[in-house]
Amino acid sequence: MGRRPRRDLLAGLTVAIVALPLALGFGISSGAGAAAGLATAVVAGAIAAFFGGSSLQVSGPTGAMTVVLVPIMHEHGASGVLTVGVLAGLLLLVLALVRAGRYMTLIPAPVVEGFTLGIACVIGLQQVPAALGVPIPQGENVAVVAWQAVLDFAARPNGWAVAIAVAVAALMLAGAWWRPTAPFSLAAVAAATVAADLTGLDVARIGQLPDGLPAPSLAFLDVATLGTLIAPTLAVTALAALESLLSAAVADGMSGGHRHDPDRELFGQGLANLVAPLFGGVAATGAIARTAVNVRSGAQSRLAALTHAALLGLIVYTAADLVAKIPLAALAGVLLATAIRMVKIGSVRAMVHSSRGDAVVLALTAIATLALDLVQAVILGLLVAGALALRAIARHVRLEAVPLRPDLPEDHTEEEHALLAEHIVAYRLDGPLFFAAAHRFLLQLSDVADVSVVILRMSRVTTIDASGARVLGDAIDRLRRRGITVYVSGVRDGHHQSLHALGVLARLSASGQVFATTPQAVAAARLLLHHAGVLPAPPLLAEPLPP
């Protein structure tokens, strides 16, 4: 932090200016209030910056977390939100200790894009009441609440609130296009506040904030309600881990030279979420937008994020009266612009055009985010993406007949060639033999007809699970019941365990029908046919087959 402090201090100042209206807006949107948003940005921002695994990450209240906290606030109140934050912090520490951070990178890109698109829609719908200048209607579904707000506005129009929200959002979007690193959000909010004061507009304001952070306390904890908070806690934990690690990865990509430690990042976020509720803060995560501003502003170390938290803390203690005058419609405009900027049209278009499966996963995740909750949406997206991936892998499993001509001497007659081809067939198995492909394999192999010996070449099987081993055993039994002898060749060392555990190779090995190479299996098959009187003599191999 001492190498280039000037650049880090300037970056921290820029991020603090950008973060102030976002912290206020997300605090209000969550239902916990503007003071809770500021407390989260100060406490969680400082702790995550110091103990986290990314040197450039900026943490605090985010729109995605707000979406999760709103139903918790409706059902359990402020104490439930604070309790969930503490419990989520403990679970994040456990995830860090078991080194679960590396597995978060396995989430498919269409799920992340659909998740982000759904969150952006939810955040935008949440701002409709404030942007229209009407009280927030009762309800849990954001689309229903937004529609009711529109009906209330139609009954009692408030044009000034709409004008403020639209003007702030437009200024932010235009400024982001012109100068991405400039803090247009604060400028827009300040201008709206001054205009509202000078003209005496009748618009709702944030209201009085406490002068400073409250003393740390655990008074909100209620042991009797812990059982009802398990599901919300899991949702907050999953989101905090996912969004924080995604944000840290974005910071790495933008900086080029930094690499975050995912497990240490989970540890830092765990501590931040454990401590922030003690000061009245809500659950926090790494914030992608603020982290991006931090990197673009020239941040080189943790000093920038720590400076951002310190400056916000200074505002809490010195400018609470000024913050109280900010119109709620102005913050709604900030969050509307933020929601619009969250959607990267290019990325969504690329996912949609990539493949039909990617488009389905993206759309399904986005719709589920709107209709259900975020964790259910991600789980549903992962299940569908996993099913489509298994389907694609299963399609790569091939069972094809291979010619046996290389093992025939040149002096064999055409009749003998035809006789051998009629009574011996070799099949090569390519790809993974697992549960998703096993049924198709069984049907293909069971259709073998008019042969005496089947040779299964297993050297190109990439993986085999219990389902695949069992189906292989069933296919061999079916062929045996039809009087067809089965030889197996080229079984890889790593596949013996599954095959032996289910007894697939036991009987074949006992009767000498398992071979290391395909030429050995072909020679045994020809010898069998010779003893059966089908072939006149067991000729020597002229040219070896691959295993």
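Quick caveat: nothing in here was measured; it's all calculated off a predicted structure.

Describing the overall build of the chain
- Counting secondary structure elements, the chain contains 23 helices and 8 strands.
- Per-residue burial for the chain yields a buried fraction of 50% across its 547 residues.
- A separation threshold of at least 6 residues defines the contact pool for the chain, and within that pool the share at least 24 residues apart is 83%.

Remarks on the packing of helix α9 (residues 230-255) against helix α10 (residues 262-275)
- At a minimum axis separation of 10 Å, α9 and α10 run at an interaxial angle of 125°. Comparing the axis directions of α9 and α10 gives the class oblique. Crossing hand, α9 versus α10: right-handed. Residues A241, S244 and L245 of α9 form the contact with α10, whose own contacting residues are P262, E265, L266 and Q269.
- Counted by class, the contact of α9 with α10 contains 4 nonpolar, 2 polar and 1 charged residues.

Quick look at the environment of A16
- Mapped onto the elements of the fold, A16 is located in helix α1 (residues 5-30).
- For the pair formed by A16 and G313, sequence separation is 297 residues and the distance between their alpha carbons is 9.9 Å.
- Once residues within four sequence positions are removed from consideration, A16 is found in contact with H308, L311 and L312.

Quick word on the layout of surface pockets
- Taken as a whole, the largest pocket encloses approximately 990 Å³ of empty space.
- I288, A289, R341, M342 and K344 are, among the 41 residues lining the largest pocket, the residues nearest its centre.
- Broken down by element, the lining of the largest pocket gets its largest block of residues, 6 residues, from helix α11 (residues 288-296).
- Class assignment for the residues of the lining of the largest pocket results in 26 nonpolar, 8 polar and 7 charged.

Thoughts on the nonpolar core
- L24, L69, I164, I206, V236 and I326 are the most contacted members of the largest nonpolar core, which has 78 residues in total.
- Looking at this core element by element, the count peaks at 12 residues for helix α3 (residues 63-97).
- Those residues in contact with I326 that lie beyond four places of it in its chain are L24, V189, T193, A204, R205, I206 and L331.
- Among the nonpolar cores identified, the runner-up in size contains 22 residues, and L456, L472, I484 and L499 belong to it.

Overview of the pattern of salt bridges
- Considering all chains together, one arrives at 3 salt bridges under this definition.
- In this structure, R99 engages D263 in a salt bridge whose closest nitrogen and oxygen atoms are separated by 3.7 Å. With R99 in the loop between α3 and α4 (109-126) and D263 in helix α10, this residue pair connects regions lying 164 residues apart in the sequence.
- Note on R99: relative accessible area 46%, which makes it partly exposed.
- Given the relative accessible area of 7%, D263 is considered buried.
- For D477, the salt bridge is made with R480, and the minimal N-O distance between the two is 2.7 Å. Taken together, the positions of D477 and R480, both in helix α20 (residues 466-481) and 3 residues apart, correspond to about one turn of that helix.
- Residue R480 is classed as partly exposed on the basis of its relative accessible area of 35%.

Overview of the packing of aromatic side chains
- Applying the stated criterion across every chain, the model contains 3 aromatic pairs.
- With a centroid separation of 6.1 Å and 55° between ring planes, the pair formed by W178 and F184 is classed as tilted.
- Residue W178 is classed as exposed on the basis of its relative accessible area, which comes to 55%.
- With 5.4 Å between their ring centres and 80° between their planes, Y487 and F515 make a pair best called edge-to-face. Residue Y487 is found in strand β7 (residues 485-489), and its partner F515 is found in strand β8 (residues 514-515); the two are separated by 28 residues along the sequence. Taken as a pair, Y487 and F515 share a single burial class, namely buried.

Details of the packing of helix α7 (residues 159-178) against helix α8 (residues 184-199)
- Where α7 contacts α8, the two axes come as close as 9 Å, and the packing angle between them is 155°. It follows from the interaxial angle that α7 and α8 lie roughly antiparallel. For α7 against α8, the interelement crossing comes out right-handed. Residues I164, V168, L171, M172, G175, A176 and W178 of α7 touch α8, and the partners they reach there are F184, S185, A188 and A192.
- Residues of the contact of α7 with α8, tallied by class, amount to 9 nonpolar, 2 polar and no charged.

Overview of the pairing of strand β5 (residues 453-457)
- Within β5, 5 of the 5 residues are buried, which leaves it mostly tucked inside the rest of the structure.
- Of the two faces of β5, the one lined by V453, I455 and R457 and the one lined by V454 and L456 are each fully buried.
- Strand direction decides the pairing type here: strand β4 (residues 424-433) and β5, joined by 5 bridges, are parallel. When the bridges of β5 are listed, I424 appears paired with V453.
- For β5 and β7, the ladder comprises 5 bridges, and the chain directions are parallel. The partner of L456 across the bridge, within β7, is V488.

Some details on the environment of L209
- Counting through the fold element by element, L209 comes out in the loop between α8 and α9.
- For the pair L209 and V323, spaced 114 residues apart in sequence, the C-alpha to C-alpha distance is 7.7 Å.
- Residues in contact with L209, not counting those within four places in the same chain, are A34, A35, L38, A320, V323 and A324.

As for the confidence of the model for the chain
- When pLDDT is averaged along the chain, the result is 83, and 88% of the positions lie at 70 or above.
- Low pLDDT (under 50) marks residues 406-412, which in the prediction has 21 contacts with non-local residues, meaning those over four places away or in another chain.

Side note on empty space enclosed by the protein
- Scanning the entire structure with this criterion turns up 2 cavities of 30 Å³ or more.
- Size it by volume and the largest cavity reaches roughly 40 Å³.
- Along the walls of the largest cavity sit G473, I476, D477, R480, G503, V504, R507 and L508, which together make up its complete lining.
- Of all elements in the fold, only α20 and α22 (504-510) reach the threshold of two or more residues within the lining of the largest cavity.
- Of the residues contributing to the lining of the largest cavity, the split by class is 3 nonpolar, 2 polar and 3 charged.

Conventions and cut-offs
Residues numbered from 1 in each chain as written. Predicted model: local features only at pLDDT ≥ 70, side-chain atom pairs only at ≥ 80, totals over all residues. Heavy atoms only, no water. Helix = DSSP H or I, 4+ residues; strand = E, 2+ residues; numbered from the N terminus. Buried < 20%, exposed > 50% of the residue type's maximum accessible area, 1.4 Å probe, protein only. Contact = heavy atoms within 4.5 Å. Axes fitted to C-alpha atoms, helices over the stretch in contact; angles between N-to-C directions. Parallel < 35°, antiparallel > 145°, perpendicular 65-115°, else oblique. Left-handed = near helix turned anticlockwise from the far one by under 90°. Nonpolar A, V, L, I, M, F, W, Y, C, P; charged D, E, K, R; others polar. 1 Å grid on protein atoms, 1.4 Å probe; cavity = no way out; pocket = protein on both sides within 12 Å on 5 of 7 lines; lining within 4 Å. Points joined across faces, edges and corners; volume = space filled by probe spheres on them. Core = buried A, V, L, I, M, F, W, Y, C linked by side-chain atoms within 4.5 Å. Salt bridge = Lys/Arg side-chain N within 4 Å of Asp/Glu carboxyl O. Phe/Tyr/Trp six-rings, centres within 6.5 Å; stacked < 30°, edge-to-face > 60°. Pairing = 2+ DSSP bridges. pLDDT = per-residue confidence, 0-100.

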